[in-house]
Structures are given as C-alpha cells and as structure tokens.
Amino acid sequence: ITKMLPEVVFVLGAPGAGKGTQCSLISKEFGFVHLSAGDLLREERQRPGSEYGEMIEEKIRNGEIVPVEVTCSLIHKAIQNSGQTRFLIDGFPRNKDNLEGWERVMSDKTKLLFVLFFECSRDICTERCLKRGAAGSGRSDDNMESLKKRFNTYINDTMPIINYYDKQGLVRRINAEVAPEEVFKDVKNLYNNLPK
Ligand code: UP5
Ligand code: MG
C-alpha cells in the first residue's frame, strides 16, 4: 500500500519580495496550508519557556539563519498538527544547513512539488520593508541595518539553494515587482496549469 505523502511547495524570494502576501492568496484560492518559517520562529521566540527565544531574536535582527533543527521541527509539528495534506512552506530552505536538515528529516516524509520563486529587485524589496517598518510592523528586522544583513544572507546563502533546485527543473519564477493582484494572476496561471 502506498501512503499519500504530504505535498509541499517551497516559497522563496528576497526579503520583502511578497512571499507572505502571495501565500495568503494561494492558501485562500487553492487550499494549501500556509506555513511561514519566519512566523513560526517569531511565535517560538514569544512562547513562554522557549529555550530558543533569545537566539531566535538575535538571528532575526542580524539577518542570520536559525539552525535547522529548530526551524525544521517547528515546520514538522505544524504539518502534523494541521491534519492537512498540502503546504506552502514560506521562506525555507534558506541555506545549506536548512537544505541538508530538511533532506535528513523530512524529504522522505513529504513530496516536494516545486519551488515558487518571487523575483524582485533589492531596491523595491528594501523600500517595501522600510515602508512596513515605518507603518509599525513591529518587526525588529524592518530597518536599514538589518535589511543590509538580510540581503547579504539572501545573496550568499539562499540564492545557491534556488540555483540547486533550478538545476533540477523545480523552480517556477514569478515577477514580483508589480502590484499584488498582478503577481497573483501569474501565480494562478501557474497553479491552474499544474500537471494533474
Ligand atoms: N507587498 C507585498 N507584495 C507587494 C507588491 N506586489 N507590491 C507592493 N507591495 C507589496 O511583503 C512585504 C511588504 O511588502 C508588506 O508590507 C506587503 O504588504 C508589501 P511580504 O508579503 O511580507 O513579503 P515577504 O517576502 O514575506 O517578506 P518578509 O519580510 O517576510 O521576508 P523575509 O524572507 O525577510 O522574512 P521571513 O519572515 O521569512 O524571515 C525573517 C528572518 O527569520 C530571516 O531573516 C531569518 O533571520 C529568520 N528565518 C530563519 O532563520 N530561518 C527560516 O527558515 C526562515 C526565517
Ligand atoms: Mg514573509
């Protein structure tokens, strides 16, 4: 008997590219459960009694990547607790440690459908995050200093992961520089044309 594995889509793109915004839209229209690795880490940071709170906050403020054991176990728990079968994993895997940790623990428990990659220039992304910070996002990394670090990490550590999946033909690129509704048109197109 073959067991149906949970299906996952990794959602990647620069800080502020619109991953979260598009994931909420996809989740509403196509019923995938949206799991943002960043949101899971921010929740864990706030959880009373968490032994990782301070470490997570320091990593986030410095735009560095939290060790995969922490992130992967939060994602794994969220998948199990949802009782659902299809997931958008937003903002993960972001570096080699993330990728190797996922492959060690999760790759035989899930089926990776594809990697959704939101392409957006650094200037536009930076402007979006600064605007969100100025509007009171409360995110400790929506400031110029953290954004520089987030971008360094994105270029040095996350782009190689996107290239790794691209070589396997798994990357679906979307132009994320236009208005959210316009971006979502392309996303819908992609979802409606998935091989059945
Ligand atoms: N906006 C969105 N789309 C727009 C559009 N088309 N036109 C104009 N404006 C648009 O959007 C960002 C802002 O832009 C919002 O104000 C939105 O309204 C507007 P959002 O949808 O939030 O973009 P997103 O790509 O999700 O941006 P986010 O800031 O969440 O990206 P990051 O990848 O930086 O943040 P994340 O939460 O994933 O990670 C934060 C930190 O957590 C990391 O730096 C790292 O330290 C840590 N982390 C890990 O260590 N491991 C992980 O696996 C994940 C995170
Ligand atoms: Mg996000």
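Residues numbered from 1 in each chain as written. Chains lettered and ligands numbered in written order. Predicted model: local features only at pLDDT ≥ 70, side-chain atom pairs only at ≥ 80, totals over all residues.

> Sorry if this is basic, but what is going on with the UniProt feature "binding site: a ribonucleoside 5'-phosphate" (unreviewed entry) in the protein here?
When the UniProt feature table is mapped onto this chain, "binding site: a ribonucleoside 5'-phosphate" (unreviewed entry) is found at R42, E64, I65, V66, G91, F92, P93, R94, R139 and R150. Tracing the backbone through its elements, the reader meets I65 in the loop between helix 3 (53-61) and helix 4 (68-82). By C-beta crowding, I65 is classed as buried, having 21 other C-beta atoms within 10 Å. When sequence neighbours within four positions are dropped, the list of residues in contact with I65 reads K59, R94, N95, D97, N98, T153 and D157. Sequence-distant contacts of P93, defined by excluding residues within four places in its chain, comprise F10, N98, L99, W102 and I161. (UniProt positions renumbered as here; feature names shortened; annotations may be inferred. Helix = DSSP H or I, 4+ residues; strand = E, 2+ residues; numbered from the N terminus. Buried ≥ 20, exposed ≤ 12 C-beta atoms within 10 Å, placed from the backbone. Contact = placed C-beta atoms within 7 Å.)

> Got a minute to help me understand the site of ligand 1 in this structure?
Near ligand 1 there are 31 residues, and of these P15, G18, T21, G38 and G91 occur at the shortest range. The set of elements that each furnish at least two residues to the shell around ligand 1 consists of helix 1 (19-30), helix 2 (37-46), helix 3, helix 6 (122-134) and helix 8 (180-192). Here the residues of the shell around ligand 1 are counted per class, giving 13 nonpolar, 10 polar and 8 charged. (Near = placed C-beta within 6 Å. Nonpolar A, V, L, I, M, F, W, Y, C, P; charged D, E, K, R; others polar.)

> Could you clarify how one ought to interpret the sheet that holds strand 4 (residues 111-119) in this entry?
Strand pairing in a sheet relies on backbone hydrogen bonds. The paired strands run either parallel or antiparallel. Spatial ordering of the open sheet is given by 2-3-1-4-5, a layout of 5 strands whose pairing is parallel. The open sheet has two edge strands, strand 2 (33-36) and strand 5 (171-175), and neither has a second partner. Averaged over all neighbouring strand pairs, the angle between strand axes comes to 25°, with direction disregarded. Across 5 bridges, the pairing between strand 1 (residues 7-13) and strand 3 (residues 86-90) is parallel. Each bridged residue has a counterpart across the sheet, and for E7 the counterpart in strand 3 is R86. (Pairing = 2+ DSSP bridges. Axes fitted to C-alpha atoms, helices over the stretch in contact; angles between N-to-C directions.)

> I would appreciate a short explanation of helix 6 in the present structure.
With 13 residues, helix 6 extends 18 Å from end C-alpha to end C-alpha; this agrees with the ideal 18 Å at 1.5 Å per step. Count one or two residues on from helix 6 and you reach G136, which has phi positive near 90°. (Expected span 1.5 Å × (residues − 1).)

> Before we go on, may I ask you to explain the UniProt feature "binding site: ATP" (unreviewed entry) in the protein in this structure?
As annotated by UniProt and renumbered to match this structure, "binding site: ATP" (unreviewed entry) occupies G16, A17, G18, K19, G20, T21, R132 and V178. Position of G16 among the secondary structure elements: in the loop between strand 1 and helix 1. For G16, a count of 25 C-beta atoms within 10 Å corresponds to the buried category. When near neighbours in sequence (up to four residues on either side) are disregarded, G16 contacts C125, T126, R128 and C129.

> Just checking my understanding: could you explain the nonpolar core for this structure?
What tends to happen in soluble globular proteins is that the nonpolar side chains get buried as a cluster. Counting 43 residues, the largest nonpolar core has V9, F10, V11, I75, L88 and I89 as the members making the most contacts within it. Setting aside anything within four residues of it in sequence, one finds V11 in contact with K19, C23, L88, I89, D90, G91 and L116. (Core = buried A, V, L, I, M, F, W, Y, C linked by C-beta atoms within 7 Å.)

> Which parts of the structure should I look at to understand unusual backbone geometry?
The phi angle of most residues is negative, glycine excepted, and most peptide bonds adopt the trans form. Between F92 and the following residue, P93, the backbone shows a cis peptide bond with an omega angle of 0°. Residue position: P93 is located in the loop between strand 3 and helix 5 (96-105).

> Just checking my understanding: could you explain helix 7 (residues 144-167) for this structure?
Given 3.6 residues to a turn, an α-helix orients residues that are three or four positions apart in the same direction. Taking 1.5 Å as the rise per residue, helix 7 with 24 residues should run 34 Å; its terminal C-alpha atoms sit 33 Å apart, in good agreement. In the structure, helix 7 departs most strongly from a straight axis at T158, where the bend amounts to approximately 40° and where the proline P160 lies between one and four residues downstream. L147, R150, Y154, T158 and I162 are the residues of helix 7 that are buried. Those residues of helix 7 hidden inside the fold are in contact with strand 1, strand 4, helix 6 and strand 5. (Bend = angle between axes of the 7 residues up to and from the residue.)

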